[in-house]
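Summary of the model geometry
What follows is the residue order along each chain.
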Amino acid sequence: MSVAIKYNTVLILISLVIFGFTLLFKLKTESLFGISKEMQNQLNQYELNKRKQDISIKSIKASCYDADIVLDKLLVDITTSKNPCVINFGLSLQEQSRDSALFKIVEKIYEHAYIFENESTLEGQTTKIYPKANPKCEVAVALHFTKIDDKLLLEEIVHFDDYLSCECQ
Amino acid sequence: MSLFLKRNIANSFPTIITISFLLIVLCPFAILSIFAVPNLEDYAESIIPEVWWHLKFLYLTYDGRFFTSFLFAAANPLKIESYILYSCIPIVLIGLVYFSFFRFFISFLTKSKKYALAYSSLLFIFFLVRNPNIPYTFYYMISSYVYLVPSICFLFLLSYSFEMLKGKDSPLYPLSISILMIFCIAGGNELLLIPSLVWFFILLTLNKSYNYNKGKELMVVFIAIVCAYFLVFSSPGVANALAENKEVNPLAYGINALLKSASFMSYNIFQWLSGNLSLLFGSIAVFLLMHTDKDLVHYKLNFPKKIGILIFMILSLLLFIFPYTWAVGTKAKISYTQVQIIPYLFFVIYLMLLISILPKKFPFKLNTKTLSLFFTCFMYLALFLDKNSTVRTAYIDLFSQEAFLYHSEVMENIEKSKNAQAGGVVTICNLKHPARSLFSGVYFNELNEDFHLQYRLYYGLKEIKVSTCQ
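Residues numbered from 1 in each chain as written. Chains lettered and ligands numbered in written order. Predicted model: local features only at pLDDT ≥ 70, side-chain atom pairs only at ≥ 80, totals over all residues. Heavy atoms only, no water.

Points about the overall build of chain A
Selection criterion: A run of H or I in DSSP counts as a helix once it spans at least four residues, and a run of E counts as a strand once it spans at least two, with each numbered from the N terminus. Computation of the radius of gyration draws on C-alpha atoms alone. For the globule rule, the value is 2.2 Å times the number of residues to the power 0.38. Think of it in three bands: with a 1.4 Å probe and only protein chains considered, a residue is buried below 20% of the maximum accessible area for its type, exposed above 50%, and partly exposed in between. Residue contacts follow a heavy-atom distance rule, with two residues in contact if any of their heavy atoms lie within 4.5 Å. In this description, accessible areas are obtained by the Shrake-Rupley approach with a 1.4 Å probe, and a residue is regarded as covered only by the protein chains that are shown.
When helices and strands are tallied, chain A shows seven helices and four strands. Listing each helix as α and each strand as β along chain A from the N terminus yields α-α-α-α-α-α-β-β-β-β-α. For a compact globule of 169 residues, the expected C-alpha radius of gyration is about 15 Å, and chain A comes in at 24 Å, more than 25% above that figure. Expressed along its principal axes, the backbone C-alpha trace of chain A runs to roughly 90 × 40 × 30 Å. The proportion of buried residues among the 169 residues of chain A is 38%. In chain A, 49% of the contacts between residues at least 6 apart in sequence involve partners at least 24 apart. Counting every atom, chain A has about 9900 Å² of accessible surface; 57% of that belongs to carbon and sulfur.

Some words on the overall build of chain B
Quick note on the threshold: When charges are tallied, Lys and Arg are placed among the positive residues and Asp and Glu among the negative ones, while His and the ends of the chain are skipped. Taken as the charge location is NZ of Lys, CZ of Arg, CG of Asp or CD of Glu.
Along its length, chain B carries 21 helices and two strands. The C-alpha radius of gyration of chain B comes to 24 Å, within 12% of the 23 Å expected for a compact globule of 470 residues. Along the first, second and third principal axes, the C-alpha set of chain B runs to 75 × 55 × 40 Å. Taken across its 470 residues, chain B has 56% of its residues classed as buried. For chain B, the proportion of contacts with a sequence separation of at least 24, taken over those separated by at least 6, is 81%. In chain B, the 36 positive side-chain charges and the 24 negative ones have mean positions that sit 16 Å from each other.

Quick notes on the sheet that holds strand 4 (residues 151-158) of chain A
Residues and elements named next belong to chain A. The test is simple: For two strands to be treated as a pair, DSSP must find at least two bridges joining them. Every angle, taken between N-to-C directions, lies between 0 and 180 degrees, and every axis is a line fitted to C-alpha atoms, over only the stretch in contact when it is a helix.
Strand order across the open sheet formed by four strands is 1-2-3-4, with antiparallel pairing between neighbours. The open sheet has two free edges, formed respectively by strand 1 (113-120) and strand 4, since each of these has just one partner strand. Mean inter-strand twist for the sheet, computed between neighbouring axes without regard to direction, equals 25°. One ladder, built from seven bridges, connects strand 3 (residues 141-148) with strand 4; its direction is antiparallel. Counted as the bridge partner of F145 is L154 from strand 4.

Regarding the interface of chain A and chain B
Going by this rule: Take the accessible area each of two parts loses on contact, using a 1.4 Å probe, and add the two losses: that sum is the buried area. We define a salt bridge as a contact between a side-chain nitrogen of Lys or Arg and a carboxyl oxygen of Asp or Glu at a distance within 4 Å. N or O atoms within 3.5 Å of each other form a polar contact, as long as, within protein, one can give a hydrogen and the other can take it, and as long as residues adjacent in sequence are counted only when both atoms are side-chain atoms. When residue character is reported, Ala, Val, Leu, Ile, Met, Phe, Trp, Tyr, Cys and Pro are called nonpolar, Asp, Glu, Lys and Arg charged, and the others, Gly included, polar.
Counting from both sides, the interface comprises 28 residues of chain A and, opposite them, 36 residues of chain B. Across the chain A to chain B interface the summed buried area is about 2800 Å²; carbon plus sulfur atoms make up 75%. Three residues, Y7(A), F25(A) and Y46(A), lead the burial of chain A against chain B; their summed loss comes to 22% of the area buried on that side. Counting across the interface, chain A meets chain B through one salt bridge. For the salt bridge of K56(B) with E30(A), the shortest nitrogen-to-oxygen distance reads 2.7 Å. Our enumeration of links across chain A and chain B arrives at five residue pairs in polar contact (both at pLDDT 80 or more). Broken down by secondary-structure element, the contributors of at least two residues to the side of chain A that touches chain B are helix 1 (3-28) and helix 2 (37-52) of chain A. The leading source of residues in the side of chain A that touches chain B is helix 1 of chain A, at 13 residues. Here the side of chain A that touches chain B is composed, by residue class, of 12 nonpolar, seven polar and nine charged.

Quick word on the pattern of salt bridges
In total, this model carries 11 salt bridges over all chains according to the counting rule given. The salt bridge involving R98(A) is made with D72(A); its shortest N-O contact spans 2.9 Å. Of this pair, R98(A) sits in helix 6 (residues 98-112) while D72(A) is found in helix 4 (residues 67-79), placing the two residues 26 residues apart along the sequence. For D72(A), a relative accessible area of 37% translates into the label partly exposed. For E163(B), the salt bridge goes to R103(B), with nearest N and O atoms at 2.3 Å. Of this pair, E163(B) sits in helix 9 (residues 141-166) while R103(B) sits in helix 6 (residues 83-108), and the two are 60 residues apart along the sequence.

Side note on the confidence of the model for chain B
Residues and elements named next belong to chain B. Where we set the bar: Per residue, pLDDT measures the predictor's confidence, with a range of 0 to 100.
In this model, chain B carries an average pLDDT of 88, and 94% of its residues clear a pLDDT of 70 or more. Long-range and interchain partners of residues 1-6, a stretch whose pLDDT sits below 50, account for two contacts in this model, where long-range means more than four residues apart. Overall fold confidence (pTM) sits at 0.86, and the ipTM for the predicted complex is 0.85.

Overview of the packing of helix 5 (residues 66-74) of chain B against helix 9 of chain B
All names here are of chain B. The condition that has to hold: If an angle is under 35 degrees, it is roughly parallel; if it is over 145, roughly antiparallel; if it lies from 65 to 115, roughly perpendicular; otherwise it is oblique. Working rule for handedness: look at the near helix, and if it is turned counterclockwise from the far one by less than a right angle, call the crossing left-handed; if clockwise, right-handed.
Running from amino to carboxyl end, helix 5 crosses helix 9 at an angle of 125°, the nearest separation of the two axes being 10 Å. Considering the angle they form, helix 5 stands oblique to helix 9. Viewed along their axes, helix 5 and helix 9 form a crossing whose handedness is right-handed. Contact with helix 5, carried on its side by F67, T68, L71 and F72, involves I142, Y145, V146, V149 and C153 of helix 9 and no other residues of that element. Tallied by class, the residues present in the contact of helix 5 with helix 9 amount to eight nonpolar, one polar and no charged.

Re the packing of helix 11 (residues 193-209) of chain B against helix 16 (residues 303-328) of chain B
Residues and elements named next belong to chain B. The N-to-C vectors of helix 11 and helix 16 enclose an angle of 140°; their axes lie 9 Å apart at closest approach. Along the contact surface, helix 11 presents I194, P195, V198 and I202, while helix 16 presents F312, L319, F320, F322 and P323. Counted by class, the contact of helix 11 with helix 16 contains nine nonpolar, no polar and no charged residues.

A closer look at the confidence of the model for chain A
Residues of chain A with pLDDT of at least 70 account for 95%, and the chain-wide mean is 82. Predicted confidence in chain A is weakest over helix 3 (residues 57-63) of chain A, with a mean pLDDT of 77, and strongest over helix 1 of chain A, with 91.

Let's talk about the state of the cysteines
All names here are of chain B. Rules: Here, two cysteine sulfur atoms that lie within 2.5 Å of each other are counted as a disulfide.
Counted according to the given criterion, the structure contains one disulfide over all chains. A sulfur-sulfur separation of 1.9 Å characterises the disulfide bridge that pairs C429 with C469. Judged by the torsion about the S-S bond (-90°), the C429/C469 disulfide is left-handed. Here the residue C429 occupies a position in strand 1 (residues 425-429), and C469 occupies one in the segment after strand 2 (463-467), the gap between them amounting to 40 residues. Pair check on accessibility: C429 and C469 agree, each one buried. As a non-bridged cysteine, C377 has C27 as the owner of its nearest cysteine sulfur, 18 Å distant. Its relative accessible area of 49% is what places C377 among the partly exposed residues.

Some points on the packing of aromatic side chains
For clarity, the threshold we go by: Centres within 6.5 Å make a pair out of two Phe, Tyr or Trp rings, where for Trp the six-membered ring is used; the pair is then stacked when the planes are under 30 degrees apart, edge-to-face when over 60, and tilted otherwise. We count a charge as sitting over a ring when the NZ of a lysine or the CZ of an arginine lies within 6 Å of the ring centre and within 35 degrees of the ring normal.
This model, assessed by the stated rule, comprises 57 aromatic pairs over all chains. Taken together, a centroid distance of 5.5 Å and an interplanar angle of 75° make the contact between F374(B) and F375(B) edge-to-face. On the basis of relative accessibility, which here comes to 17%, the residue F375(B) falls in the buried class. Chaining the aromatic ring pairs together yields one cluster made of F21(B), Y98(B), F101(B), F124(B), F127(B), F138(B), Y139(B), W272(B), Y344(B) and F347(B). A cation over an aromatic ring shows up here: K26(A) above the ring of F230(B), its NZ or CZ 5.7 Å from the ring centre.

Dropping the structure here:
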């Protein structure tokens, strides 16, 4: 084999290594055909676990558009629930201050959170958080965010009563 | 006797430049490394476990910078909580920058190693003296990995790919290094995307114009560019960011970003040049030094070509900042100085290359060696007279003990955080000595509240209180 042919072979091999590396990287990162559902869940769980350690009333209030409106809506949902477990949770909140009640509710959401998914909406974003204990339970608590000055602010939390009922079953 | 001494000094002039540079200019920056401490953002990249998961997590959720993500994951001393290794990063970076300059000059300007070292020293002074942000360049790990390391890789790409072009029949070594550098640049910082493509087209043109006959090698380089940028743009994080801008008119948006780049660059160039005496004397020193260099590479360029190169250089500076103004849109700020580190580096490189294509003959007879020495002395003097000089600031930070006190204050906060009980509360003291050469500003203040969580997670703290301690 002549030197020129050998050299050409080496160049072809280098090109193949480049293609191979690119393909391998995409395969190993599980992103060749978009992110798989399992991978997305893993990423969300990691983010969720990190966020679980960041619950404080200061950060909760800072992320709300109006914390009072968010809390009032939640309290109505909890007190009108027919599930005794949810009602009991509501009663335990009565002895707390408003700030503390809001904190307890968010803490409860995180306590049972398993995976979440984000959906873009016209107003901003909706984050749905699914509970972990009951695999048959597909009720997610939905956090509606509104976009104001490029910042997403929590406008309301819905289906918290159903989410908690699901966990209490 | 005096004549003999004078001639001796003049003959060893490149060595004098190199040694004096190492002692006078590099020393304070190397010593300052001892006082480098982690910034809050560094912790964000230090709590993600493992190397592969870290890389994968950032690639899938954040951006396509796979090479910088790899550095965050694998070359991050905070992952093993080593503050000593953290302070070694700036020294390694300074060494790599110097070496990349040296390789650049050996490839493009001179065959003499002695002169290449001297040119590298002078370029390094230019790079330091009005550097837009010294802490972000050397003493802030995350930022250095994002801005400085890809720039070093880009310089290596320029050098090795040019050597590959000029090289013998089978230049496999420079070709392999060039391919590696393409992946490092693409996965390093998107600011270097357009310059990489422009450089590839320059290589193609040179190959055709000078019959270098390196078409096959350039094809391999092209494959590397396509694959590397495929990895970047197929990253889910990048796809999400691009989807957010889909309703915007791309042409109007692009023109707006280009105009903004032009306005930023005009302002910056004025700032970099105005009152910059060390740059003025340094430029004369470079020009005179080139006249003593017998191994200087001469490019035969006529006047229109020289003008063409000048226009290209000015326009290409816009390309270094354009990806930033394009990506950030209306939020792009001139005060965001870290993105100017790369354009500034190429501004000073261009300045030196422009000097090299100036007329070669003096209109009158001069003793260039003695004059070179004279102007170099003035340049060093100007470094300390210029109140905006980072070299002067580095000395002030060292001699006023500002750097030492800054280090002590941050380490005291770290010690408190380390010694706090797991899940405990710690009081972080505000800094009273934010040394200008070291402090990036990414510490406990209102702007960086997002990073408090990462700091808490790193040290296992429940709560952080920030106060002005006595």
